[in-house]
Amino acid sequence: MAEQKQIVLTHREVAEALVRYYGLKEGLWGLYIEFGIGGANIGMNPASPEEVVPAAIVPIVKLGI
């Protein structure tokens, strides 16, 4: 089985990797992130599933440069 590890990058490193991947040679580039928003009722206490609270869900919908 493959060893599990996380590769963590800063937002600047992600932007640099995308610029290199797409072969961009000119310009000033930054990371673009588009968020969505949703709502749901979630249970905060597994011992008491009838207790729910409203929550916001903010997924990353698009990522680019």
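Coordinates for the structure precede this section.
What counts as what
Residues numbered from 1 in each chain as written. Predicted model: local features only at pLDDT ≥ 70, side-chain atom pairs only at ≥ 80, totals over all residues. Heavy atoms only, no water. Helix = DSSP H or I, 4+ residues; strand = E, 2+ residues; numbered from the N terminus. Rg over C-alpha atoms; globule rule 2.2 N^0.38 Å. Buried < 20%, exposed > 50% of the residue type's maximum accessible area, 1.4 Å probe, protein only. Contact = heavy atoms within 4.5 Å. Areas by Shrake-Rupley, 256 points an atom, 1.4 Å probe, with all protein chains shown as cover. Lys, Arg positive; Asp, Glu negative; His and termini not counted. Charge placed at Lys NZ, Arg CZ, Asp CG, Glu CD. Patch = residues over 30% accessible without salt bridge, like charges linked within 9 Å, V, L, I, M, F, W, Y side chains within 5 Å. Salt bridge = Lys/Arg side-chain N within 4 Å of Asp/Glu carboxyl O.

Undergrad: Which parts of the structure should I look at to understand the overall build of the chain?
TA: Summing up its helical and strand segments, the chain has one helix and four strands in all. Listed N to C, the secondary structure of the chain is α-β-β-β-β in terms of helices and strands. Here the C-alpha radius of gyration of the chain, 19 Å, is well above what a compact globule of 65 residues would show, namely 11 Å. With respect to the principal axes defined by its C-alpha atoms, the chain has extents near 55 × 35 × 15 Å. Within the chain, the fraction of its 65 residues that count as buried is 8%. Long-range contacts, defined here as pairs at least 24 residues apart, represent 43% of the contacts in the chain between residues at least 6 apart. Counting only carbon and sulfur atoms, one obtains 59% of the accessible surface of the chain, whose full area is about 6100 Å². Between the mean site of the 5 positive side-chain charges and the mean site of the 7 negative ones, the chain shows a separation of 15 Å.

Undergrad: Would you take a moment to explain a nonpolar patch on the surface for this structure?
TA: The grouping of Ile33, Phe35, Ile37, Val58, Ile60 and Leu63 at the surface amounts to a nonpolar patch, some 630 Å² of accessible area in total. Contributing elements (two or more residues each) for the nonpolar patch: strand S1 (32-35) and strand S4 (60-64). Along the polypeptide, Val58 turns up in the loop between strand S3 (52-57) and S4. The partly exposed category is assigned to Val58, whose relative accessible area is 48%.

Undergrad: Honestly, the pattern of salt bridges in this entry has me stumped. Any pointers?
TA: Two side chains with opposite charge may pair up if their charged atoms get near one another. One pass over the structure, following the stated rule, counts one salt bridge. Glu16 is paired through a salt bridge with Arg12; the nearest N and O atoms lie 3.1 Å apart. Of this pair, Glu16 and Arg12 are both found in helix H1 (residues 11-21), four residues apart, which corresponds to roughly one turn of the helix. The partly exposed category is assigned to Glu16, whose relative accessible area is 33%. Residue Arg12 is classed as exposed on the basis of its relative accessible area of 59%.

That's the geometry; what it means functionally is another story.
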